[in-house]
Amino acid sequence: MKFLPLSLLLPLSLGGCLESSPPRVAPPLPLVSSQRPPSPLGDRVIRVAQSWLGTPYRRGSENKGPDGGVDCSHLVHSVYREAGLDYPYVDSHAFPPPGYFVKLPDNAQGEEGDVVLFAGHMGILLSKELVISAQGSPSKPGKVQVGSDDWFGKKLGVFRWAPLAMRNTSGF
């Protein structure tokens with residue numbers, strides 16, 4: 001094995017430090033938002049959903065406010081109806097009602113205002129990771145609140161409002 005004398009290695013190792021030109025800096029990365037702004041429809045759904053925050057959990061009910069009560073499927077139905085997007089009521093086991101929502105591809109993140117369905121539970125996407133939903137049971141009182149979408153287990157699907165009439169005219 002041959003070794004180079006130290007006098008030859010020193011200039012090689014300091015070569016980058018002895019340059020008179022300024023160091024090269026990588027160009028800045030473009031600013032990319034991690035979240036798209038909500039669509040006008042999604043924004044409307046979210047604003048209505050937020051007005052339900054704090055409403056107590058009450059199975060089979062759909063009355064807003066601290067003296068009211070709502071469960072998860074009635075919350076989604078009531079929010080959409082209040083936002084002007086009415087559909088026939090179905091619970092989380094029968095969702096979506098035919099002709100009103102389209103299921104997004106399994107790898108789709110969904111957007112604000114989309115409906116997210118879990119086994120026996122549903123809510124409205126507030127962001128990619130947060131869901132507004134009514135949570136509780138007769139034995140464990142709860143309320144409409146914001147929670148992480150991984151609280152509820154495996155996601156069965158994300159659904160977007162797209163009534164059949166709209167799909168026929170919009171190219172869906």
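See the structure above.
Below, the structure is looked at part by part. (Residues numbered from 1 in each chain as written. Predicted model: local features only at pLDDT ≥ 70, side-chain atom pairs only at ≥ 80, totals over all residues. Heavy atoms only, no water.)

**Quick look at the nonpolar core**
So the rule is basically this: For our purposes a nonpolar core is just a set of buried Ala, Val, Leu, Ile, Met, Phe, Trp, Tyr and Cys residues, chained together by side-chain atoms within 4.5 Å. The classification of residues rests on relative accessible area computed with a 1.4 Å probe and restricted to protein chains. Under 20% of the type maximum is buried, over 50% is exposed, and intermediate values are partly exposed. Per the convention used, a helix needs a DSSP run of H or I reaching at least four residues, while a strand needs a run of E reaching at least two, with both numbered from the N terminus. Residues count as neighbours in contact if any of their non-hydrogen atoms are within 4.5 Å of one another.
Counting 28 residues, the largest nonpolar core has L75, V79, Y80, F95, F101, V115 and I124 as the members making the most contacts within it. Going through the elements one at a time, α2 (40-50), α3 (72-82), β4 (115-118), β5 (121-125), β6 (130-135) and β8 (155-161) are the ones with two or more residues in this core. Looking at which element gives the most residues to this core, the answer is α3, with five residues. Not counting residues within four places of it along the chain, the set of residues in contact with Y80 comprises V45, L85, D86, Y87, F101, G113, D114, V115, I124 and W161. Core analysis: the next-biggest nonpolar cluster, separate from the first, contains six residues, V116, F118, L125 and V131 among them.

**With respect to α2**
Which entries qualify depends on this criterion: Summarising the geometry, the arc corresponds to the directions from the helix axis toward the C-beta atoms.
Along α2, the residues that are buried comprise G42, V45, I46, V48 and A49. All buried residues of α2 fall inside an arc of 165 degrees around its axis, so they share one side. The exposed residues of α2 that point more than 90 degrees off its buried face are P40 and R47. For α2, the secondary structure elements touched by its buried residues are α3, β5 and β6.

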